[in-house]
Structure formats: structure tokens, C-alpha cells
Amino acid sequence: KNTVYRDFDDLVLDLAQILNNEAVALQKAGARFIQIDEPAFLNDEDLDVELAKESTAKVFDGIKVKKALYTYFGNIGGLYPEILDFDVDIIGLDFVMGSENFQTLAKTDFTKELGFGRSITSKGYFLQNTTMKMERKWERAFCIIRMEK
């Protein structure tokens, strides 16, 4: 039984503070780019978007270098376009297990830098097959996403 935290939000924000301590140390050590990975943002049907936004902001509090938030293993549709309001420079998406991301991004202007990711899991995604899938999906990506940089 949990006897430390009154609620889940307190736990999440304390963990975000721990990650912030690490991010600040990395920045002080000379890191020019800090990335956090949050696949749970896409896999939680009951995601509290405001808590996700607040905890992400807390992780990156005081960070002046480029900030990236990567999601994996799915479509960002349930969090889009709200994720564009998160305090990050780059949003990374999976275009293998989240092939719907192409259509999702085409719905509105994407105002962040886009990180392309791919997921290789123990569930039988082999590098060769994934690479072939990616090549086909890259072709679609360039048709849908206007690249300005």
C-alpha cells in the first residue's frame, strides 16, 4: 500500500523533478540536446493531458538547450494537437507502429521540429523488414509533411 504519496499526480511530479535534476546536470556538463521518452503518453487511454504537460515542463525547467519529447509504439492522434503546446522543441514520433501519424500530422500545421523514430521490439520486428516498411513510409511522409528546414 502506498503510504508516501497522496495521489498519482504527486508521484509523477516528484519523478519529473528527479529527471529535471538529471537534465540540469547534463546541461551543465555540456549536453546540447536533451531527450525524454514517453511512450506512456500514447498508451494511456485516460491520460491527464494537463499533468503530462506539467510534468514535461517540470523535467525541462531551466533547460536552455534543445528539448525533445519522443513517443513510441503508436499514434499520437489522441494527444494531437495538444502536444504542440508542450514546452519542447522537438516531438519524435514512431512511423512504423504509428503509421496513422502521417494522417494525424496532415490535419493541422505542425509547429515543432519533427523527430522520426522507429520501434524495433522483441515481438518479431526484424531490422530488414522494419527498414523496408520505413522506406515505403518515408515516401509517404514526404508527400504529406511539408519540410521547411
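Predicted, not measured: the structure shown is a model, and the values here were computed from it. (Residues numbered from 1 in each chain as written. Predicted model: local features only at pLDDT ≥ 70, side-chain atom pairs only at ≥ 80, totals over all residues. Heavy atoms only, no water.)

J.: Help me out: how do you make sense of the overall build of the chain in this one?
T.: A tally of helices and strands in the chain yields five helices and four strands. Of the regular secondary structure in the chain, the N- to C-terminal order runs α-β-α-α-β-β-α-β-α. Out of the 149 residues in the chain, the part that is buried amounts to 36%. Long-range contacts, defined here as pairs at least 24 residues apart, represent 63% of the contacts in the chain between residues at least 6 apart. On the chain, roughly 9400 Å² of surface is accessible, and the fraction owed to carbon and sulfur atoms is 51%. (Helix = DSSP H or I, 4+ residues; strand = E, 2+ residues; numbered from the N terminus. Buried < 20%, exposed > 50% of the residue type's maximum accessible area, 1.4 Å probe, protein only. Contact = heavy atoms within 4.5 Å. Areas by Shrake-Rupley, 256 points an atom, 1.4 Å probe, with all protein chains shown as cover.)

J.: What should I look at first to understand the packing of aromatic side chains in this one?
T.: The final tally for this structure, using the stated rule, is four aromatic pairs. Aromatic pair Tyr72 and Phe73: ring centres 6.0 Å apart, planes at 50 degrees, arrangement tilted. For Phe73, a relative accessible area of 35% puts it in the partly exposed group. A centroid spacing of 6.4 Å and a plane angle of 15 degrees characterise the contact between Tyr80 and Phe110, whose relative ring orientation is stacked. Of this pair, Tyr80 sits in the loop between strand E2 (66-70) and strand E3 (90-94) while Phe110 sits in the loop between helix H4 (101-106) and strand E4 (113-117), and the two are 30 residues apart along the sequence. You can call Tyr80 buried: its relative accessible area is 9%. Here a set of aromatic residues connected by ring pairs shows up, and it is made of Tyr70, Tyr72 and Phe73. (Phe/Tyr/Trp six-rings, centres within 6.5 Å; stacked < 30°, edge-to-face > 60°.)

J.: Before we go on, may I ask you to explain a negative patch on the surface in this structure?
T.: On the surface, Asp7, Asp9, Asp48, Glu50, Glu54, Glu82 and Asp85 cluster together to form a negatively charged patch. Relative to the elements of secondary structure, Asp85 occurs in the loop between E2 and E3. On the basis of relative accessibility, which here comes to 54%, the residue Asp85 falls in the exposed class. (Patch = residues over 30% accessible without salt bridge, like charges linked within 9 Å, V, L, I, M, F, W, Y side chains within 5 Å. Salt bridge = Lys/Arg side-chain N within 4 Å of Asp/Glu carboxyl O. Lys, Arg positive; Asp, Glu negative; His and termini not counted. Charge placed at Lys NZ, Arg CZ, Asp CG, Glu CD.)

J.: Hey, could you run me through the pairing of strand E1 (residues 33-37) in this one?
T.: Sheet faces and side chains relate simply in a regular strand, where the side chains alternate between the two faces. Residues Ile34 and Ile36 line the buried face of E1, whereas the alternating positions Phe33, Gln35 and Asp37 sit on a face that is not buried. Bridging between E1 and E2 involves five bridges; their strand directions are parallel. When the bridges of E2 are listed, Ile36 appears paired with Leu69. (Pairing = 2+ DSSP bridges.)

J.: Looking at this structure, how should I read the environment of Leu26?
T.: Structurally, the position occupied by Leu26 is in helix H1 (residues 8-28). On the basis of relative accessible area, Leu26 is assigned to the partly exposed category, the value being 44%. Sequence separation between Leu26 and Ile63 is 37 residues; the distance between their C-alpha atoms is 9.6 Å. If near-sequence neighbours (up to four positions away) are discounted, Leu26 is found in contact with Ala31 and Ile34.

J.: What exactly am I supposed to notice about the confidence of the model for the chain here?
T.: The predicted coordinates ought not to be read in detail in places where the model reports low pLDDT. This prediction gives the chain a mean pLDDT of 80; 77% of its residues lie at or above 70. Across residues 122-135, confidence stays below pLDDT 50; counting only partners more than four residues off in sequence or on other chains, it has 17 contacts. Considering only residues more than four positions removed or in separate chains, one finds that residues 138-149, a stretch of pLDDT under 50, has 13 contacts. (pLDDT = per-residue confidence, 0-100.)

J.: Would you explain the side chain of Thr56 in this entry?
T.: With respect to the helices and strands, Thr56 occurs in helix H3 (residues 49-59). Residue Thr56 is classed as buried on the basis of its relative accessible area of 2%. Setting aside chain neighbours within four positions, we find Thr56 in contact with Ile36, Phe41, Phe86 and Val88.

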